[in-house]
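Listed below, chain by chain, are the residues.
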Amino acid sequence: MKWKGSIALLMSCGLSALAIAHEPAPPAAPPAPAAKAGPSFVAYDQPLLAFTHADVIDGTGAPIRRDQTLLIEDGKIRAVGASAKIAVPKGATVIDAKGKTLLPGLVMMHEHMFYPTGQGNYSEMVYSFPSLYLAGGVTTLRTAAAMQPYADLNMRKKIADGAIVGPDMEVTSPLLNGPGLPVLAVKVLDGADDAERAVNYWAEEGVDSYKAYMQIRRDELQRMIEVAHRRSRKVTAHLCSVTFAEASAMGIDNLEHGFSFASDFVTDKQPDVCPASITRSLADLDVDAPQMQRLIELLVERKVALTSTLPVIETLAAQRPKVSEAALSLLLPEVREQYEAGWTAMQSKPVGQDWARLLPKLGQWERRFVAAGGLLMAGTDPTGYGGVIPGYASKRQLELMVEAGFTFEQAVRVASLNGARYLGRDKSVGSLEVGKRADVVVIDGDPTRDARAIERMPLVFKAGKGYRTEAIFEAMKGKVGLH
């Protein structure tokens, strides 16, 4: 297999056939029930709660505040401030949070409800993913495209109704692409009129936004943006055949994976053609290259948001650590074997070396985009060859942003309030402020001193209901890749 240096081709080709593909098919098992908000997951469901003596990172980017009390009443934040000044109401359930840090629930913007299971196939994780995302601190998410869109649409409703434990969902359309991607589940557009039909169809079915993919052509993307905007919906894209500058001129709202797939710097780039040398062109580009600074300024001027997805990029880079054993324990054994084979292969592949050179630059360019006034958001993208696992990848995104030079408080803002702003939900979620929904993540320790403290996340509250993350992880062991 040739390694082309793009997530999409790694996704679509797969790294090894699953062992089960060579065995006779077993009798069909009954579908696993959706994870419900049963007592085994729920730790707190009282109407009046008080966290006392906590350190608070509120999601606005402000520095951490020490020794704070946060009150929750009927699922909303009633008060937050210095413990010496906030009286705990009579009848409140008190949680002594000394030595702990409270964060807002994360609003992650490049998530999927499917996972790569090999041979260009993606299985919908309707059972495991919703609760795993929540266990990783994610209380609101946007799917960045669907393989089984009706599953996502129905899941969105079930979560809103309280029948499934998981984050609130904004559902993006299936991938809309041009020809050339060997993934059978992806729509291949047949010109601009077909793009318009697809946008209108999925609008009627209830999607919140749209995603264009790598081989889309300029006329298709332009029509897609125009029709989506007429319907008051936004468009994002993982681009390749169209440059970032071209897409921004069309009025695109969002671009995925930071600058990882900007084909603007490929010297022999042909119109509407996805070049094979994007990764090398970016890896060779000086971190202070003026042409990159001009692109950053152009995107900011045209108000194009970027989504950072450092966890999936890290899986492509040589000399980066494997996923933790705790995360790997969630995988079906055959899927775990696929991931480990892929990780081993990346250590010696030239493209792995290119990604290793590029990864540090991506973080620096994202910081400069923010410094220039750009709206940076965060996501994880559980695709590639399987190294991005909900429940753990959201934490890794924050760690990698700190590694890139963001303060922890800045990283939290990117992964919470910025996403809420883009979705138009910042009046109700995205930060720990009075009147907002009580989406609260509890960290054991101080992540401003050591970002790895975020891995110790015993409780996640959504709308004032607290979930035990270890109970979720224990229930989901061995499920990812199957359910």
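Computed from a predicted model, the values in this text were never measured in an experiment. (Residues numbered from 1 in each chain as written. Predicted model: local features only at pLDDT ≥ 70, side-chain atom pairs only at ≥ 80, totals over all residues. Heavy atoms only, no water.)

## Some thoughts on the sheet that holds strand β11 (residues 168-170)
Item 1. Overall, parallel pairing links the 3 strands, which are arranged β7-β10-β11 in an open sheet. Every interior strand has two partners, whereas the edge strands, β7 (106-111) and β11, have only one. Neighbour to neighbour, the strand axes of the sheet diverge by 20° on average, direction disregarded.
Item 2. Examined bridge by bridge, β7 and strand β10 (residues 138-143) share 4 bridges and lie parallel to one another. Bridging from a neighbouring strand, M108 pairs with L141 of β10. (Pairing = 2+ DSSP bridges. Helix = DSSP H or I, 4+ residues; strand = E, 2+ residues; numbered from the N terminus. Axes fitted to C-alpha atoms, helices over the stretch in contact; angles between N-to-C directions.)

## What about the pairing of strand β20 (residues 459-462)?
Item 1. Of the two faces of β20, the one holding L459 and F461 and the one holding V460 and K462 are both buried throughout.
Item 2. Sheet topology places strand β19 (residues 440-444) next to β20; 3 bridges connect them, and they run antiparallel. Within β20, the residue paired with V442 across the bridge is L459.
Item 3. Where β20 lies against strand β21 (residues 465-468), 4 bridges are found, and the strand directions are antiparallel. If you follow V460 over to β21, its bridge partner there is Y467.
Item 4. Once β20 ends, the chain turns through 2 residues before running back antiparallel as β21, passing A463 with a positive phi of about 55°. (Buried < 20%, exposed > 50% of the residue type's maximum accessible area, 1.4 Å probe, protein only.)

## Focus: the layout of surface pockets
Item 1. In this structure, the largest pocket encloses a volume near 440 Å³.
Item 2. Surrounding the largest pocket, 22 residues form its lining, K322, V323, S324, R396 and E399 being those nearest its centre.
Item 3. Taken together, the elements giving at least two residues each to the lining of the largest pocket come down to α9 (310-316), α11 (333-348) and α13 (393-403).
Item 4. With 5 residues, the single largest contributor to the lining of the largest pocket is α13.
Item 5. When grouped by side-chain class, the residues that make up the lining of the largest pocket number 11 nonpolar, 3 polar and 8 charged. (1 Å grid on protein atoms, 1.4 Å probe; cavity = no way out; pocket = protein on both sides within 12 Å on 5 of 7 lines; lining within 4 Å. Points joined across faces, edges and corners; volume = space filled by probe spheres on them. Nonpolar A, V, L, I, M, F, W, Y, C, P; charged D, E, K, R; others polar.)

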